[in-house]
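Structure assessment
Given next are the chains, with one letter for each unit.
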Amino acid sequence: MIRTPLRPLARILEARQKGENPDAIERENKRIRHEQMRDSARLRAEGRLFVLGAFFFCAFAVVGARMGLLATTEPVEPRAHAPGAVISASRADIVDRNGNILATNFDTHALYAQPKHMVDPVAAAEGLVKVFPDLDEERLIKDFTGTRKFLWIKKKISPEQKQAVHDIGDPGLLFAPRDMRLYPNGSLAAHVLGGASYGKEGVHAAEVIGVAGVEKYFDDYLRDPANGNTPLQLSLDLTVQAAAERVLWGGMKLMNAKGATSVLMDVKTGEVVSVVSLPTFDPNNRPRPATEGDASDSPLFNRSVQGVYELGSVFKIFAAAQAIELGLVNADTMIDTKGPMKVGGFKIGEFRGKNYGTLSVADIIVKSSNRGTGRMALQIGIKRQQEFLKSLGFFEATPFEIVEAAGGKPLLPKRWTDLSSVTISYGHGLSTSPMHLAAGYAAIANGGYRVSPTLLKQEGPKLGPRVMSERAARDARTMLRKVVSKGTASFGEVPGYHVGGKTGTADKPKPRGGYYKDKTLATFASIFPAHDPKYVLIVTLDEPVETSGDKPRRTAGWTAVPVAAEMIRRIAPLLGVRPTVEPVKEPVITLTSSN
Amino acid sequence: MRAILYILTSLAVIGLAFWAYRENYATQQALGEADKLHQNIRAAHSRLAVLKAEWAYQNRPERLRDLAEINFERLGLLPLHPDQFGMVDQVAYPPAPLLPITDPIDVSSAAAKEDPL
């Protein structure tokens, strides 16, 4: 650019000649130059603003267009997966401790109809009724020819049914893919597994949700796609569970009981290896909850954790163990069990009004003397008894990992008097589930540590805090062994397995107070092998009657004990427990003489 | 000098654009292939799941028990019993291998007929 000088010589000279002020020319030129500079700067700024405006407009237009596009298109999965991404989005499997499948998924289809696409609604309805005889033809015709645009016909159909519907050939009949929860073992461990059903349903997929048992308890884990390939491993053993169910079912039928339950638990880890509740159901086709009658008679009722009962004399061993623990007695201390004994105005009697005279603590357990344990309970005192039972977990619901367990809260006396203390010492006045009892016996069996019953496979022992001394636990185990070898549970002897245990026969309470005379709950709580216990087995029969004798027998010794013994005979070899010869106690020699 | 720089730059831009275009299509194709593979894997997984379910169903304890009962005459299967546990001492050692023959004696019956007896 050629700059015009501010004081052009020609014009200056001319101005001087005319006698004008040459500075005016310079000012005029400066003004012109400044105006030019202003104009060019303005132009540049305007240009920049325009470019920037255009840029922002384009950017926002792109963002807006993209948002509109995303809002109007169907959502799709990102195509590029991170390596190791989970491919199957189905519910995780449930397996037993050895990896055998207890619950898995199965691809199936649901059938739905879009009547407006139908060619011949009447023929389609006729064809459908031929395939599914349970459908109502008139209703279908009404639905197909009416104003409905969409209806579900069947939630689950088999491949054969699908082919048959396909053969009807109507374009208005459509299939929706479904994941179906399958329990290949049928009714095995039904109460633990619970069942599953559909949550939100769509044409492309449906949510499978757990409705009971472990399926509901671990619903979040099982539904998490990140766990699709890592099955939930339970502590149950499929083989043992099957054998236990079969033996218990046979025992229930033989003893004419209306229900039965058993719990088999590892004493060191708290793993429940088998838990049975009869009658049972098929989780593939879970029945509806009973709307009338007693809920505890429904097959859905899980007696092992929901059944809160007064379990009777099986509790006596806790009173004895605590009395030994506190140093009040030892196994040979003699206690007077003669009547009459009155506590709080209530007479404490023995089974069939017997009178055992003076017995040692061990014999009180062996003969199952109510007055004997009652006297020990009075010596222990209310507060210490409460603390001990609480430390064994008898005051709250078990942490067993199925949803029903939270409902099995023990029933405690409202006011814990001396009378409650005495009755609770022999298992009346405190209602607990068989699962609670198993945990309590496990503490005696493992040498005095609390364990929590669990349904998940554990690595290594999971012993809790110590609740009684090793010596008290050992003495209690010896007493339990004596109950079987020479006491009320003599049918419980299984050669090679040295079963120890305690029977309990409780009269069932009437709904309106008082007790039935001819309805009992027979329980056998056992540990085996008694000298080195590995497992606790609780067997409870509901209203059993043994009729081989002149008079019907309802005591646990005649009903629950033989069933438990048969169960141990069947399952102990499956658990890998070797039959052994019981070790003889080493003689205590203080002085040896040598000739 | 400046002109050469411009030409080189524009050539580089063209080259990069061409490369990006090819890479884009190669990526699309790779993604498509990965999709197909994923589909195959998914199908294989569901087949495997069906097979596993079938296996579990065929091996359910109830059916095995019935099979053992039906085939009792041939197989004679009974539930495991405590007295079936053995001791290690009851298992015999395998028989010792025969000693190698170091000085074989040739025996022939070719001359048997010529025997005077």
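The structure presented is a predicted model; accordingly, all values stated were derived computationally and were not measured. (Residues numbered from 1 in each chain as written. Chains lettered and ligands numbered in written order. Predicted model: local features only at pLDDT ≥ 70, side-chain atom pairs only at ≥ 80, totals over all residues.)

Residue and element names in this part refer to chain A. Segmenting chain A into domains produces domain 1 (94-233) and domain 2 (239-288 + 295-574). Each of domain 1 and domain 2 was reduced to a C-alpha centroid, and the two centroids are 43 Å apart. Only helix H6 (190-193), strand E6 (206-212) and helix H7 (213-217) provide two or more residues apiece to the side of domain 1 that touches domain 2. The residue makeup of the side of domain 1 that touches domain 2, split by class, is eleven nonpolar, seven polar and two charged. (Domains from an automatic or database assignment. Helix = DSSP H or I, 4+ residues; strand = E, 2+ residues; numbered from the N terminus. Nonpolar A, V, L, I, M, F, W, Y, C, P; charged D, E, K, R; others polar.)

So, on to the pairing of strand E9 (residues 272-278) of chain A. All names here are of chain A. Here E9 lies mainly inside the structure; seven of its seven residues are buried. One ladder, built from six bridges, connects strand E8 (residues 259-266) with E9; its direction is antiparallel. Bridging across to E9, Met-265 finds its partner in Val-272. Here E8 hands over to E9 after five residues, with Gly-270 in that stretch at a positive phi of 80°. (Buried ≥ 20, exposed ≤ 12 C-beta atoms within 10 Å, placed from the backbone. Pairing = 2+ DSSP bridges.)

On the chain B side, the residues contacting the 28 residues of chain A number 22 residues. Looking at the side of chain A that touches chain B, the elements with two or more residues in it are strand E2 (101-113), helix H9 (238-254) and helix H17 (560-574) of chain A. Class assignment for the residues of the side of chain A that touches chain B results in 15 nonpolar, eight polar and five charged. (Contact = placed C-beta atoms within 7 Å.)

Moving on, we get to the pairing of strand E18 (residues 535-542) of chain A. Residue and element names in this part refer to chain A. With eight of eight residues buried, E18 is to be regarded as a mostly interior element. By the alternation rule, side chains of E18 split into Tyr-535, Leu-537, Val-539 and Leu-541 and Val-536, Ile-538, Thr-540 and Asp-542, which are all buried. One ladder, built from eight bridges, connects E8 with E18; its direction is antiparallel. Its bridge partner being in E18, Met-265 is matched across the sheet by Val-536. Of the pairings in the sheet, the one linking strand E17 (residues 515-528) to E18 comprises eight bridges and is antiparallel in character. When the sheet's bridge partners are listed, Leu-521 is paired in E18 with Asp-542. In sequence, E17 turns back onto E18 through a hairpin of six residues.

We now examine the packing of helix H10 (residues 316-325) of chain A against helix H16 (residues 470-486) of chain A. Residues and elements named next belong to chain A. Two numbers describe how H10 lies on H16: the axes approach to 9 Å, and their chain directions differ by 140°. Classified by chirality, the crossing of H16 by H10 is right-handed. In contact with Ile-317, Ala-320, Ala-321, Ile-324 and Glu-325 of H10, H16 contributes Ala-472, Ala-473, Asp-475, Ala-476, Met-479 and Leu-480. When the residues that make up the contact of H10 with H16 are grouped by side-chain class, the tally is nine nonpolar, no polar and two charged. (Axes fitted to C-alpha atoms, helices over the stretch in contact; angles between N-to-C directions. Left-handed = near helix turned anticlockwise from the far one by under 90°.)

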